[in-house]
Amino acid sequence: YLDPEKPIVVVWEGQEEAATRFFVGLNFKIVTGTCYLGGYVGSKERESDWIEEKVEAWDASISKMAEVARRQPQAAYIGLQQLLQAEWLFVQRVTAHTQEHFSPLDRAITQDFLPSLLGDDNISPHRRALMGLPIKQCRMALPPPSSTADHAYTTSRLSTSHATAAVQAATP
């Protein structure tokens, strides 16, 4: 059902005035971009700003998790691996070409979180790569977020392509 408090129409920049005239009296909020279903609908520039805001928030959360890791390593690991990682993986699945945005998280995990978690400031590139391997291989399943972005999006698009085509063609 349409929520009368939140009807939003997303239009191209420069089309706001025309949309306002077209939807006059309907109480729609006319915008050039907005968050929708965990992703972003709008211009690439604003999408980029939106992703950067999310990455800044996740970066701050990783710093907090690093502080917790000194006292409660298991809780901090689960918080990062099950909560934060799930959030950014979802954004990566629904948003194309985001790899470059996630390098601050790579740095935060490698230089802040893992040293706090392991009590060791010397996280070599080889050791870091091993920590990205799956839990089934007796590793930590914490790959660098910038390395998962393109694969997550491509996999998501491929796995939903049949359903997407059916919806677009209006077939069951």
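Heads up: the structure comes first, above all this text.
Reading the values: rules and limits
- Residues numbered from 1 in each chain as written.
- Predicted model: local features only at pLDDT ≥ 70, side-chain atom pairs only at ≥ 80, totals over all residues.
- Heavy atoms only, no water.
- Phe/Tyr/Trp six-rings, centres within 6.5 Å; stacked < 30°, edge-to-face > 60°.
- Helix = DSSP H or I, 4+ residues; strand = E, 2+ residues; numbered from the N terminus.
- Buried < 20%, exposed > 50% of the residue type's maximum accessible area, 1.4 Å probe, protein only.
- Contact = heavy atoms within 4.5 Å.
- Expected span 1.5 Å × (residues − 1).
- Patch = residues over 30% accessible without salt bridge, like charges linked within 9 Å, V, L, I, M, F, W, Y side chains within 5 Å.
- Areas by Shrake-Rupley, 256 points an atom, 1.4 Å probe, with all protein chains shown as cover.
- Salt bridge = Lys/Arg side-chain N within 4 Å of Asp/Glu carboxyl O.
- Core = buried A, V, L, I, M, F, W, Y, C linked by side-chain atoms within 4.5 Å.
- Pairing = 2+ DSSP bridges.

A. Focus on the packing of aromatic side chains. What the rule picks out here adds up to 5 aromatic pairs. Taken together, a centroid distance of 5.1 Å and an interplanar angle of 85° make the contact between F23 and F28 edge-to-face. A ring pair is formed by W58 and W88, whose centres lie 6.1 Å apart and whose planes are at 65°; its orientation type is edge-to-face. Of this pair, W58 sits in helix α2 (residues 44–71) while W88 sits in helix α3 (residues 73–94), and the two are 30 residues apart along the sequence. Taken individually, W58 and W88 each receive the classification buried, so the pair is uniform in this respect. Every member of this aromatic cluster is reached through a ring pair, and the members are F22, F23 and F28.

B. Structural context of the side chain of S43. Residue position: S43 is located in the loop between β4 (39–42) and α2. Ignoring any residue separated from it by four or fewer positions in sequence, one finds S43 in contact with E13 and T32.

C. Spatial organisation of unusual backbone geometry. In this model, N27 sits at a positive phi of 65°, which is unusual for a non-glycine residue. If you trace the backbone, N27 turns up in the loop between α1 (16–22) and β2 (29–31). Given a relative accessible area of 64%, N27 falls into the exposed group. Positioned with a positive phi, L37 is a non-glycine residue whose angle comes to about 50°.

D. Layout of α2. Between the first and last C-alpha of α2 there are 41 Å, a value that for 28 residues agrees with the 40 Å anticipated at 1.5 Å per step. Among the residues making up α2, those that are buried are E47, W50, I51, V55, W58, D59, I62, M65, A66 and A69. Buried residues along α2 sit in contact with β3 (33–36), β4, α3 and α4 (103–118).

E. Up close: a nonpolar patch on the surface. Together, I8, V10, Y36, L37 and V41 make up an exposed nonpolar region whose accessible area comes to about 470 Å². Mapped onto the elements of the fold, I8 is located in strand β1 (residues 8–10). The exposure class of I8 is partly exposed, given its relative accessible area of 40%.

F. Looking closely at the nonpolar core. Counting 26 residues, the largest nonpolar core has W58, I62, L80, W88, F113 and L114 as its most contacted members. Residue assignment for this core shows that the elements contributing at least two residues are α2, α3 and α4. What L114 contacts, discounting residues up to four positions off in sequence, is I109, G119, I123, R128, M131, M140 and L142.

G. Representation of the pairing of β3. Bridge analysis of β3 against β4 gives 4 bridges, and the strand direction is antiparallel. Looking across to β4, one finds that T34 is bridged to V41. Between β3 and β4, which pair antiparallel and follow one another directly, the connecting turn spans 2 residues, one of which, L37, has a positive phi of 50°.

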